[in-house]
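Here is how the chains run, residue by residue.
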Amino acid sequence: MDRIEQLETALTIESATADHIRVDDARRLTGPGLLWNKPGAVMDVFFNGIDAAQVTTLWETHARRVMDALGWQDQSVTHRTFTGGVNLAISAPMDQLYSAIFAAQTAWHFCAAELLAAPSGDFDQMVGDVKGVMASEANPALIALIEAAEAHGVDILCDDDEISIGHGTGSQVWSVDALPAPDDVDWSGLHNIPVAFITGTNGKTTTTRLLEAIARASGKVAGLTSTEFVRVGDDILDRGDYSGPGGGRMLLRDKRLEVACLEVARGGILRRGLPTRAATAAAVTNVANDHLGQYGVNTVPELAQAKFAVHRTLAEGGVLALNADDAYVRAEAENTSANIWWFSLDAQNDLIRQARETGTCCAYVQHGKIVFFDGTTEQMVIPVADVPLTMGGAAKYNIQNALAALCLALALGLPQQALRDGLAGFKPDAKDNPGRCNEFRHNGAQVFVDFAHNPHSISAVCDALSSLPAKRRFIMLSHAGDRSDQDICDVTATALNFRPDVVVATELDGYLRGRELGEISDLIERTALEHGYEAKQILRATSPSQAASVILERVEPGDIALLLVLSDRDAVLAMLDG
């Protein structure tokens with residue numbers, strides 16, 4: 001029986017359990033992630049009516065048996081239980097990650113057979129098939145380079161096509177098929193550079209951009225990855241969502257780079273892991289309900305576990321900057337031994353007081369000023385009012401982002417003057433921070449454009465703008481169709497805290513995701529009516545561009561408009577720039 005037939009046997013067993021067991025495709029883990037900091041493979045198994053402990057016990061037994069038979073006695077087995085299922089993982093040598101997928105599938109085959117009391121395939125034959133994959137995938141030259149890089153204390157980045165040692169100005173890249181022997185590498189020219197990872201539910205893009213601005217102000221060649229592009233200095237290397245490990249490797253291999261600021265999102269962490277274990281610093285801005293229900297991350301505390309994967313990227317002595325005002329961040333911090341620098345809007349926050357008492361670095365706001373405590377003394381960095389991003393202190397969420405960037409900048413070794421210059425020079429406009437509370441003037445009215453799309457971010461923006469005086473208030477609302485009815489109603493209700501006089505509901509044609517045109521606008525309208533709005537206050541548009549036009553035609557001097565733009569952003573910005 002060949003490998004394909006063995007997999008068909010496994011699938012036959014799994015399909016017999018389709019009513020109560022579902023197994024997602026196994027995937028490679030290339031770096032630190034939710035489960036651990038090892039490369040390997042992971043499977044997500046979902047079930048009901050089965051004891052999770054029985055599944056994980058079988059996994060530990062059969063995965064260990066398969067790995068020992070493959071000669072992987074030095075590799076590890078792990079699992080993570082969540083409501084409705086388990087993540088099952090094995091570690092593997094870096095040159096055997098596709099083989100690890102087959103090994104994990106083989107181990108699961110025997111688990112499924114035992115769960116169902118069904119016949120299984122021939123163990124020796126199936127292991128032999130995996131060994132055949134291993135032989136074709138093996139790359140001894142890569143393993144030799146990994147060991148040599150570790151011995152020299154330099155990071156190594158691996159993917160399917162290229163291998164690089166060092167970062168930025170201290171990096172060199174080779175094709176995976178043409179790797180040098182360790183003795184042929186000029187190790188004296190290879191080194192790591194300061195690297196920061198930034199994650200969180202909201203604020204990670206702004207914090208990443210702000211940190212890069214501070215690094216630029218120091219005279220360094222800085223670069224960033226984001227959900228929009230990879231950039232070094234003013235040069236955009238590529239556009240797209242590069243918040244995963246591929247974007248990190250692209251950035252870190254650019255030989256101009258001196259400081260790296262990497263935005264990392266939940267999806268990349270869970271799908272593949274993070275690209276390095278040699279970061280200087282990392283930050284978690286906050287954790288809130290968003291993008292739940294994938295890879296066994298079903299609750300906000302579980303999302304916090306995923307975000308905290310960034311602590312596994314830290315080199316020895318690295319800094320983890322955490323938001324002391326966020327309950328989920330505080331709770332998950334109990335599970336890490338990293339060197340934490342807390343930041344808070346309140347100098348009297350208990351974790352800030354504790355940090356000061358123990359001589360640990362922290363950052364906070366005191367008497368309207370951003371302050372950094374270096375373990376011994378307080379240093380007033382800059383008045384909050386002098387940081388344009390904070391809108392004179394009204395945008396509290398951006399004060400938190402500034403505090404996070406401050407901690408990261410100092411952990412990266414950037415000078416305080418660059419910190420002040422970066423904070424003072426970074427503006428909430430479409431040039432420095434596109435899509436994040438960008439302010440425009442139109443017909444004498446203040447118009448704000450923001451990408452906020454979940455209750456946490458929308459609440460933060462609306463709270464900031466609610467304090468601004470206005471004759472009338474307008475808001476544009478839309479939602480992606482993959483949100484539940486309740487989620488859409490909750491986000492709409494949160495947006496109504498802006499106290500708009502006019503609500504314009506619009507559709508996102510490319511984001512209907514199974515819904516009928518008009519469904520989401522119906523939910524927005526129903527929620528507004530339930531909150532006391534009259535039908536004449538609720539308008540509809542077929543696209544964000546048309547909705548923006550409807551509002552811009554109506555605003556007058558003294559009005560405020562908030563355009564929550566989830567698509568057509570460039571078109572809307574062009575209207576306001578015109």
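Thresholds, definitions, all that
- Residues numbered from 1 in each chain as written.
- Predicted model: local features only at pLDDT ≥ 70, side-chain atom pairs only at ≥ 80, totals over all residues.
- Heavy atoms only, no water.
- Helix = DSSP H or I, 4+ residues; strand = E, 2+ residues; numbered from the N terminus.
- Expected span 1.5 Å × (residues − 1).
- Contact = heavy atoms within 4.5 Å.
- 1 Å grid on protein atoms, 1.4 Å probe; cavity = no way out; pocket = protein on both sides within 12 Å on 5 of 7 lines; lining within 4 Å.
- Points joined across faces, edges and corners; volume = space filled by probe spheres on them.
- Nonpolar A, V, L, I, M, F, W, Y, C, P; charged D, E, K, R; others polar.
- Disulfide = S-S within 2.5 Å.
- Buried < 20%, exposed > 50% of the residue type's maximum accessible area, 1.4 Å probe, protein only.
- Pairing = 2+ DSSP bridges.
- Axes fitted to C-alpha atoms, helices over the stretch in contact; angles between N-to-C directions.
- Core = buried A, V, L, I, M, F, W, Y, C linked by side-chain atoms within 4.5 Å.
- Phe/Tyr/Trp six-rings, centres within 6.5 Å; stacked < 30°, edge-to-face > 60°.
- Lys NZ or Arg CZ within 6 Å of the ring centre and 35° of its normal.
- Right-handed = clockwise from strand over helix to strand, strands pointing away.
- Arc of directions from axis to C-beta.

*Asks:* In this structure, what is going on with helix H16 (residues 519–530)? I would like to understand it.
*Replies:* What sets the pattern is the α-helix's 3.6 residues per turn: residues three or four places apart point alike. Under the 1.5 Å per step criterion, the end-to-end length of H16 is 17 Å for 12 residues, consistent within 8% with the ideal 16 Å. Buried-residue contacts for H16 involve strand S22 (473–477), helix H15 (485–495), strand S23 (502–506) and strand S24 (538–541). Positive phi shows up at glycine 532, right after H16, with a value of about 95 degrees.

*Asks:* I would appreciate a short explanation of the layout of surface pockets in the present structure.
*Replies:* Its boundaries defined by the atoms lining it, the second largest pocket holds a volume of some 890 Å³. Pro39, Ile146, Glu150, Ile156 and Arg277 are, among the 32 residues lining the second largest pocket, the residues nearest its centre. Of all elements in the fold, only helix H5 (140–152) and strand S6 (156–158) reach the threshold of two or more residues within the lining of the second largest pocket. Counted by class, the lining of the second largest pocket contains 16 nonpolar, 9 polar and 7 charged residues.

*Asks:* What am I meant to see in empty space enclosed by the protein here?
*Replies:* To find leftover empty space, one rolls a probe the size of a water molecule over the atoms. Evaluation of the coordinates by the stated rule reveals 2 cavities of 30 Å³ or more. Along its surface, the largest cavity is lined by 16 residues, and Arg27, Leu29, Leu34, Leu35 and Leu270 are the ones closest to its centre. For the lining of the largest cavity, the secondary structure elements donating two or more residues are strand S2 (27–29), strand S3 (40–47) and helix H8 (266–271). Partitioned by chemical class, the residues of the lining of the largest cavity number 9 nonpolar, 4 polar and 3 charged. Computed from the structure, the second largest cavity encloses a volume of approximately 30 Å³. Around the second largest cavity sit Ser243, Gly244, Pro245, Val264, Gly268, Ile269, Gly273, Leu274 and Pro275, which together line it. Tallied by class, residues from the lining of the second largest cavity come to 5 nonpolar, 4 polar and no charged.

*Asks:* Help me out: how do you make sense of the state of the cysteines in this one?
*Replies:* Here is the idea: a disulfide is a covalent bond, and it sits between the sulfur atoms of two cysteines. By the definition in use, this model includes 0 disulfides. Not engaged in a disulfide, the cysteine cysteine 261 finds its nearest cysteine sulfur in cysteine 407; these two sulfurs lie 14 Å apart. Of all cysteine sulfurs, the one in cysteine 362 lies closest to cysteine 407, which takes part in no disulfide; the gap is 8.0 Å. Taking the relative accessible area as the measure of exposure, cysteine 407 reaches 0% and is therefore buried.

*Asks:* It is not clear to me how the sheet that holds S23 should be interpreted in this structure. Could you clarify?
*Replies:* Pairing between sheet strands relies on hydrogen bonds along the backbone, with the strands arranged either parallel or antiparallel. Ordered by their spatial adjacency, 6 strands build an open sheet running S20-S21-S25-S22-S23-S24, and the pairing between neighbours is mixed. Only two strands of the sheet have a single neighbouring strand rather than two, namely strand S20 (438–442) and S24. Between one strand and the next, the sheet's axes are offset by a mean angle of 20 degrees, whatever the strand orientation. For S20 and strand S21 (residues 445–450), the ladder comprises 5 bridges, and the chain directions are antiparallel.

*Asks:* What's the story with the nonpolar core in this structure? I'm lost.
*Replies:* Among soluble globular proteins, nonpolar side chains are generally buried collectively. One finds Phe47, Trp59, Leu70, Trp72, Ile90, Trp108 and Ile165 to be the most contacted residues of the largest nonpolar core, which totals 52 residues. Of all elements in the fold, only S3, helix H2 (52–69), strand S5 (85–91), helix H3 (97–116), helix H4 (123–137), H5, S6 and strand S7 (162–165) reach the threshold of two or more residues within this core. Examining the composition of this core, we find that 10 residues originate from one element, H3, more than from any other. Beyond its immediate sequence surroundings of up to four residues, phenylalanine 47 is in contact with His20, Ile21, Ala52, Val55, Gly84, Gly85 and Val86. By size, the runner-up hydrophobic cluster in this structure holds 51 residues, among which are Ala260, Ala279, Tyr295 and Ile352.

*Asks:* Help me out: how do you make sense of unusual backbone geometry in this one?
*Replies:* A negative phi angle is the norm for most residues apart from glycine, just as the trans form is the norm for most peptide bonds. Positive phi outside glycine occurs at methionine 391, with the angle close to 55 degrees. Along the chain, methionine 391 falls in the loop between strand S19 (378–383) and helix H12 (396–411). Positioned with a positive phi, asparagine 443 is a non-glycine residue whose angle comes to about 55 degrees. Residue asparagine 443 is classed as partly exposed on the basis of its relative accessible area, which comes to 48%.

*Asks:* How should I be thinking about the sheet that holds S6 in this particular structure?
*Replies:* Read from one edge to the other, the open sheet built from 3 strands follows the order S6-S7-S8, with strand pairing classed as antiparallel. A strand with exactly one partner marks an edge of an open sheet, and here the two such strands are S6 and strand S8 (172–175). Averaged over all pairs of adjacent strands, the angle between strand axes in this sheet comes to 15 degrees, irrespective of strand direction. Two elements, S7 and S8, share 4 bridges in a ladder whose sense is antiparallel. Opposite isoleucine 163, over in S8, you have tryptophan 174 as the bridge partner. Across the sheet, H5 lies against S6 and S7, angled at about 150 degrees from S6, the strand it touches most.

*Asks:* Which parts of the structure should I look at to understand the packing of aromatic side chains?
*Replies:* Where two aromatic rings form a pair, the distance of their centres and the angle of their planes describe that pair. Within this structure, the stated rule accounts for 3 aromatic pairs. Summarising the aromatic geometry, the rings of phenylalanine 110 and phenylalanine 123 are spaced 5.5 Å apart at their centres and angled 55 degrees between planes, so their arrangement reads as tilted. Linking phenylalanine 110 in helix H3 with phenylalanine 123 in helix H4, this pair joins segments that are 13 residues apart in sequence. Comparing phenylalanine 110 with phenylalanine 123, the two get one shared label, buried. Between the NZ or CZ atom of arginine 65 and the centre of the ring of phenylalanine 123, over which it lies, the distance is 3.6 Å. Between arginine 473 and the ring centre of phenylalanine 498, over which it is positioned, the NZ or CZ distance is 5.1 Å.

*Asks:* Would you mind going over the pairing of strand S15 (residues 314–323) with me for this structure?
*Replies:* Residues in a regular strand point their side chains to alternate faces of the sheet. Within S15, 7 of the 10 residues are buried, which leaves it mostly tucked inside the rest of the structure. Bridge analysis of strand S14 (residues 279–284) against S15 gives 5 bridges, and the strand direction is parallel. Each bridged residue has a counterpart across the sheet, and for alanine 282 the counterpart in S15 is leucine 320. Pairing analysis gives 5 bridges linking S15 to strand S16 (residues 339–344), with the strands arranged parallel. Across the sheet, the residue bridging to leucine 322 is tryptophan 342, located in S16. Handedness of the crossover is the feature at issue here: the chain leaves S15, passes through helix H10 (residues 327–332), returns alongside S16, and the resulting connection is right-handed.

*Asks:* I tried to follow the pairing of S7 on my own but got confused; where do I start?
*Replies:* Here 3 bridges tie S6 to S7, and the two strands are oriented antiparallel to one another. Bridging from a neighbouring strand, isoleucine 156 pairs with isoleucine 165 of S7. Taken together, S6 and the strand that follows it, S7, pair antiparallel across an intervening segment of 3 residues. Connecting the antiparallel pair S7 and S8 is a turn made up of 6 residues, with glycine 166 showing a positive phi of about 80 degrees.

*Asks:* In this structure, what is going on with helix H13 (residues 416–425)? I would like to understand it.
*Replies:* Looking at H13, one finds that the buried residues are Gln416, Ala418, Leu419, Gly422 and Leu423. Buried residues along H13 cover an arc of 155 degrees about the axis, so they all sit on one side. In this structure, the buried residues of H13 make contact with helix H6 (204–217), S19 and H12.

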